[in-house]
Amino acid sequence: QAPMWQRFMDPIVGVMILINAIAMGLAADYQSWPGWFVVEVYFTIFFLGEIVLKICIQGFKKYAVGYDWAWNWFDVTVVLLALVDLVFSRL
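Here's what I pulled together on the structure shown here. (Residues numbered from 1 in each chain as written. Predicted model: local features only at pLDDT ≥ 70, side-chain atom pairs only at ≥ 80, totals over all residues. Heavy atoms only, no water.)

1. Focus on the packing of helix H1 (residues 4-29) against helix H2 (residues 36-58)
So, step 1. Across the interface, H1 lies against H2 with an axial gap of 11 Å and an inter-helix angle of 160 degrees. Relative to H2, the element H1 is oriented roughly antiparallel. By crossing handedness, the relation of H1 to H2 is classed as left-handed. Judged by residue contacts, Trp-5, Met-9, Ile-12, Val-13, Met-16, Ile-17, Ile-19, Asn-20, Ala-23, Leu-26 and Ala-27 of H1 engage Trp-36, Val-39, Tyr-42, Phe-43, Phe-46, Phe-47, Glu-50, Leu-53, Lys-54, Ile-57 and Gln-58 from H2.
So, step 2. In terms of residue class, the contact of H1 with H2 is made up of 18 nonpolar, two polar and two charged. (Axes fitted to C-alpha atoms, helices over the stretch in contact; angles between N-to-C directions. Helix = DSSP H or I, 4+ residues; strand = E, 2+ residues; numbered from the N terminus. Parallel < 35°, antiparallel > 145°, perpendicular 65-115°, else oblique. Left-handed = near helix turned anticlockwise from the far one by under 90°. Contact = heavy atoms within 4.5 Å. Nonpolar A, V, L, I, M, F, W, Y, C, P; charged D, E, K, R; others polar.)

Encoded structure:
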């Protein structure tokens with residue numbers, strides 16, 4: 001059974017993923033709205049915070065090579081790509 005913190009956090013993160021997907025769909029249809037950059041920054045910070053929180057709770061070794069290692073590295077990859085996109089979209 002998953003630890004208590006994970007049972008609490010997973011549904012919150014799942015809802016945020018769903019809201020982020022909806023926001024991306026809306027951004028594709030309403031590209032002229034200038035607030036999309038702020039929305040993208042908000043979601044990137046949220047998901048970066050999730051990674052940092054998990055590392056603080058589990059420790060880096062368990063995060064990197066523990067039970068959910070594949071999902072954790074997937075999360076890191078997606079967040080790094082989002083950060084790169086944020087940087088290059090403002091240059």
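2. Looking at the environment of Asn-72
So, step 1. Mapped onto the secondary structure, Asn-72 falls in helix H4 (residues 69-89).
So, step 2. When the C-alpha positions of Asn-72 and Lys-54 are compared, they lie 9.1 Å apart, and in sequence the two are 18 residues distant.
So, step 3. Once you skip the residues sitting within four places of it in the chain, Asn-72 turns out to touch Lys-54, Gln-58 and Tyr-63.

3. Details of the pattern of salt bridges
So, step 1. Tallied over the entire structure, the rule returns one salt bridge.
So, step 2. Glu-50 is the partner of Lys-54 in a salt bridge, and the nearest nitrogen-oxygen pair spans 3.3 Å. With a gap of four residues between them, Lys-54 and Glu-50 both fall in helix H2, about one helical turn apart.
So, step 3. Overall, Lys-54 belongs to the buried group, its relative accessible area being 9%.
So, step 4. Taking the relative accessible area as the measure of exposure, Glu-50 reaches 8% and is therefore buried. (Salt bridge = Lys/Arg side-chain N within 4 Å of Asp/Glu carboxyl O. Buried < 20%, exposed > 50% of the residue type's maximum accessible area, 1.4 Å probe, protein only.)

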